[in-house]
Structures are given as structure tokens and as C-alpha cells.
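# What the coordinates show
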Amino acid sequence: MMQLIWNGLIVGSFYSLVALGYSMVYGIIKLLNFAHGDIYMLGAFVGFLVLSSFGGIPAAMSIPALLVILLLAMVVTGLIGVAIERVAYRPLRSSPRLAVLITAIGVSFTLEYGIRQLFGPNPRAFPVRLSSESFDVLGMRVSLSQLVLVVVAAVLMFVLAHIVERTREGRAMRAIALDPQAAHLMGVNVNRVIATVFFIGSALAGAAGVMAGAYYGSIDFLMGFVIGLKAFTAAVIGGIGNLYGAMLGGLLLGLLESFGAAWLGGEWRDVFSFAILIVILTFKPTGLLGARVVERM
Amino acid sequence: MSWLEVKDADVYYGRVHALRELSFDVEEGEIVCLLGNNGAGKSTTMNMLSGLVRPRAGVVRWDGTDLTTAKPWDIVSRGLIHVPEGRRIFSTMTVHDNLLLGGYTVKDQRAIAERVELAYSLMPRLAERRKQQGGTLSGGEQQMLAIGRAIVAGPRLLLLDEPSMGLAPLVVKQVMEIIAEVNRQGTTVLLVEQNARAALRIAHRAYVVETGRVTLQGPAAELAQDSRVVDAYLGA
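Conventions and cut-offs
Note on numbering: residues in each chain are counted from 1, in written sequence order. Chain A is the first chain written and ligand 1 is the first ligand written, with later ones labelled in order. Two thresholds apply to this predicted model, a pLDDT of at least 70 for residue-level local features and 80 or more for giving and counting side-chain atom pairs, whereas whole-chain, interface and lining totals are computed over all residues. Side-chain measures here rest on the full set of heavy atoms in the structure, leaving out hydrogens and waters. Throughout, a contact is declared for two residues whenever any of their heavy atoms are within 4.5 Å. Buried area is understood as the total, over both parts, of accessible area removed when two parts are fitted together, assessed with a 1.4 Å probe. One side-chain nitrogen of Lys or Arg within 4 Å of one carboxyl oxygen of Asp or Glu is enough to make a salt bridge. For the purposes of these results, a polar contact is taken to be a pair of N or O atoms within 3.5 Å, where, inside protein, one atom must be able to donate a hydrogen and its partner to accept one; residues adjacent in sequence count only when each atom of the pair is a side-chain atom. Helix numbering and strand numbering both begin at the N terminus, where a helix is a DSSP run of H or I of at least 4 residues and a strand a DSSP run of E of at least 2. Any residue outside Ala, Val, Leu, Ile, Met, Phe, Trp, Tyr, Cys, Pro, Asp, Glu, Lys and Arg is labelled polar, Gly included; the first ten of those are nonpolar and the last four are charged. Paired strands, as defined in this entry, are two strands with at least two bridges between them according to DSSP. Inter-axis angles, ranging from 0 to 180 degrees, are taken between N-to-C directions of lines fitted to C-alpha atoms, where helices are fitted over the stretch in contact. Patch definition: residues above 30% relative accessible area lacking any salt bridge, with like charges linked at up to 9 Å and the nonpolar side chains Val, Leu, Ile, Met, Phe, Trp and Tyr linked at up to 5 Å. Accessible areas in this description were obtained via Shrake-Rupley with a 1.4 Å probe; residue shielding takes into account the shown protein chains only. Each residue is assigned to one of three classes by its accessible area relative to the maximum for its type, calculated with a 1.4 Å probe on protein chains only: buried under 20%, partly exposed between the two thresholds, exposed over 50%.

### A word on the interface of chain A and chain B
The figure often quoted for interface size is the accessible area lost as the parts come together. Counting from both sides, the interface comprises 24 residues of chain A and, opposite them, 28 residues of chain B. In total, about 2,500 Å² of surface goes out of reach between chain A and chain B, with carbon and sulfur atoms giving 62% of it. On the chain A side of the contact with chain B, A:Arg171, A:Leu185 and A:Met186 bury the most area, a combined 29% of that side's loss. Joining chain A to chain B, the criterion identifies three salt bridges. A salt bridge links A:Arg174 to B:Asp97; its shortest N-O distance comes to 3.1 Å. Summed over the shared surface of chain A and chain B, the number is six residue pairs in polar contact (both at pLDDT 80 or more). Those elements that place two or more of their residues in the side of chain A that touches chain B are α6 (168-178), α7 (180-185) and α8 (190-216) of chain A. Here the element with the most residues in the side of chain A that touches chain B is α6(A); it accounts for seven residues. A class-by-class count of the residues in the side of chain A that touches chain B yields 12 nonpolar, four polar and eight charged.

Set out below in C-alpha cells:
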């Protein structure tokens, strides 16, 4: 039982990290960025490239090395996210929503099949073996590296929440999400803040990609597709546009999958978790923490 | 040369000619009012001053700054603050966060804190509701919040677009008193209003704008007596 929860939390924290970027981008420019899952894939490939260029990393060094690579991958994917927004989305900011959505799907295919051309269609082994040194807590078998992954994910989410809720830039992000033109009148450089959101969201997805590569041990050019859909689902379940909703939705999805796989078998995992999510949305269409604002004129 | 000078400004929205050689000026310390009906070009004038739309021709200069080329955030950081029509407060942010956002371009944290306190002292109702979401306030309180947010930005020239819109007469009076007080404390005000009676009571000078041009101008007290203004904007 506890083991199922722990496994669910690990996978769920990847979902949460990816869902956060989805949710933030949707919140600020109302775009479903279907290329977001592929940023996760790019993060994994950036980690792969850096690690392979170093050659082997001794198992004892694997965790510090992973943290350095994580940071590097976050910077690279963050910049890629900014570039995508600049080239593919900003020129269409005032076009019908559908046009930008199609562009996002186009960006997604470009990234997926671009990587396929560069690295080939077959899965690659992620060249870091996490030490499997582990211990028992509360009846759960927890490995040190799993613990590191979950802690890193938690720290990233904590830092993000702090930025959005307590800083000047975060206040500007929330303001643009509510009324971009009014934010503009308050002297907010709207384009710059949107670029910042793309940087942060993409960096979180990139971090999740590296972590997933290390966790599962293999990566491929389509690995972002399914997690993109799942993170999108997580964001909607939590209440899209709401940060805590994205975190909660991701963890919930991870837990549901973990229990579904254990109770009904792996092949029923998605059936189980998505059936429950449909039930949740039936009763709470705005998502668990979705905004229902009291407004009065 | 005047402090704020608009000369022969032409603005188009696509093929709609919204401002036609519009000219007016504002001196430091004044409250100047632009009167006119819907679609006369008043809001367009405001948007042109704050950099949201650009004139195709003409001169728009304020205290040595050419407003036709300046970036909107530079305009704000120099102290030209535009309170838009319909208040446009951030509805799910708290009153306090709305005010803090007004200080976005202000680097000096102490100045922000002082101005937030100034806004609360001018409008104690906001202080009582500082932790409430902006969207839960009444219309008058939302208008006060929009003005408070502008105060935190440190305005030298405050543009107010239809601050009385949708408010009960008593609340209109309160809002106008707040505007007059902000002006007494040293902020120049350019006021756009359909409620001519309320606006002319606090304004020093006024311009009447019709289909994108100025058709009448003069001291507020004189215009309030002018039969053309009385007939068209003050009613019986």
C-alpha cells in the first residue's frame, strides 16, 4: 500500500512539473501548448547529450552529476521555450485561438521528428545508472535516488509558487492572465513577462525530462507525446491556470495510475485512472481547484 | 509651449478616422476635462496618450517626451498613468496586490509603501478590504481601487476615463472629491466624462469633443453656463 503511494508520488511529480508549464502558459495567454510535452523530451535528450559527451559517470557521483545536468538542461530547454514562443506563437498572438493551436501541434511534430532525424527512431539508453542503494521507511522501499528526484521536484515547485505569489514578476504574470491590456497600462512589459513564463514552464518540463530519463533509463523521440497529454489532463483536473491545481492534478494522476496498475494490472492502468478523472470532471467541471470567481460590477 | 501638448493629431482604426486634427493642451497642476458623447474620440485620445494606439499624424508631447514614439512602460515610469474605462482592476487579485501592481515600474520599495499608505488614507474603504479579491468590491470601490493603483505608480499626469460610469450619484460625488484631492496634492488630471455636470464641478478647463475634433473650449465654469453645452450635455 505505502509502496504504491510512493511509486505514485514519483511518477506524479513528473506529471506535476510538466502540468505546471501547461497550466501557466494557458493561464497567461490561453494557449494549449501541445508542444509542451516535447520540451520534456528535449530535456531528456539534452541530458543524454551532455552525459554521453562526458563518457561514463561513476555510480557514486551519479546524483551530483545528475543535479548539474538538470540545471544545464533547464537552462537549455527554457531558452528553447522562449525561442518557440517568439517564433511560433507571438506572431499569432492576435489571431484566432485555433490558428495558434494548430501552430502548437506543428511545433510538436517539428520537435518530435526533428529529434528522430538526429537521434534515430530507436530508444536510447540514458547513460546514467542511479545507485540503487535503498532503505525502508514506513513499509516503503525508497531508494536514495528516488528520494532525490522527489525532493528536487518539490523544491522546484516551491520556488515557482514563491515567484508567482510573492514577487513583482509573479504579480505581473497574474495580472496579465487576468487582463493583459490593464497590465500593459500599469507599465508591465507584457511580451517580456510572457517570455519569462515560457522560460520557467519549459525549464520545469526539461527538468522532468532529465529526471524521467534517469528514472526509466531509456528515452525516445516520442516520449513527450503521452506525458504531454497526461500533464494536460492533470492541469485540467486540477483546474487549468491554477498552479496548485496543476501540482495536485499531477500527483493525483500518478497515484491513480499506481493503484490502477496494482489492482487491475498494468494494461488497465490508463482505463482506471482516466475513468476516475472523467467522474471528477463530471462533478467538478472547473477542476479541483478551478477558479470560480465572485464578480460584481 | 504647454506642458502637455496635442496638436493636429490624427488616429485611425483601420479605415475609421477616430481623431481628426485634434488639438488641446494641459498645464501642470490643472484638472482638464474632455466632454463628449459615445464615439466622439475621448477614449481614443486617452489611448493615444498612454501609447496604446499611435497617431498617424500630429504632435503629442508631454514635459519634453515625445509620446508618439515612447514605449508604454517608459510612459508609465515617467508618471503618465492611465486609468482605463471600466476600471479594469485585476478581479482575482487582492486589493493590496492590485495596489502593489501599480508600483510595477517603481524601483524604490519605500516609495511604493508610502504611496500604498497614501491610497489607503485617501480611500479608507480600500484599507478595510485590503485582503479581499478586487472583483468582490462594489462599483465605486472598484473605481477607487483603480485610482489607488494609479496613485501607487506615482502619477504626475493622471488620465481618468469615465470614472463615474455606472455609479450612483452619491458615489460619483465621492469619487470626484477623491480626484479633486489627488489634484490638490499636486497631480495634474485629464478627465474624460459623459457626466458633464459632475466633471465640470471639479475641472478648471474643459474641451468639448465631437467626431474626433474639438468644437468648444474654455474655463469649466463658463462652459457650464454655455447654452450649447447645457443643451447637449447637461440637459434641463
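### Here we look at the sheet that holds strand β2 (residues 16-26) of chain B
Residue and element names in this part refer to chain B. Here four strands make up an open sheet; going across it, the order is β2-β1-β4-β5 and the pairing antiparallel. The open sheet terminates on both sides in strands that have one partner only, identified here as β2 and β5 (65-66). For strand β4 (residues 57-62) and β5, the ladder comprises two bridges, and the chain directions are antiparallel. Across the sheet, Arg 61 pairs through a bridge with Asp 66, a residue of β5. Running over the sheet, helix α1 (residues 42-49) touches β1 (4-13), β2 and β4 and is turned about 110° from β1.

### Re the pairing of strand β2 (residues 134-137) of chain A
Residues and elements named next belong to chain A. Here four bridges tie β2 to strand β3 (residues 140-143), and the two strands are oriented antiparallel to one another. Looking at the pairing, Val 137 lines up with Met 140 of β3. The loop that links β2 with its antiparallel partner β3 comprises two residues; one of these, Leu 138, has a positive phi angle of about 50°.

### Notes on the pairing of strand β9 (residues 205-210) of chain B
Residue and element names in this part refer to chain B. Pairing analysis gives four bridges linking strand β3 (residues 31-35) to β9, with the strands arranged parallel. Among the inter-strand pairings, Cys 33 is bridged to a residue of β9, identified as Ala 206. As defined by bridge partners, β9 adjoins strand β10 (residues 213-219) across six bridges and the pair is classed as antiparallel. Note that in β10 the partner of Tyr 207 across the bridge is Gln 217.

### Things to note about the environment of A:Pro285
Of note, A:Pro285 is situated in the segment after α11 (269-283). In this structure, the C-alpha to C-alpha distance between A:Pro285 and A:Val236, residues 49 residues apart in sequence, is 8.9 Å.

### Here's the deal with a nonpolar patch on the surface
Residues and elements named next belong to chain A. There is a patch of nonpolar side chains on the surface, built from Met 2, Phe 135, Val 137, Leu 138, Leu 147, Val 151, Val 155, Phe 158 and Val 159 and spanning about 790 Å² of accessible area. The biggest single contributor to the nonpolar patch is helix α5 (residues 144-166), with five residues. Residue placement: Val 151 occurs in helix α5. For Val 151, a relative accessible area of 45% corresponds to the partly exposed category.

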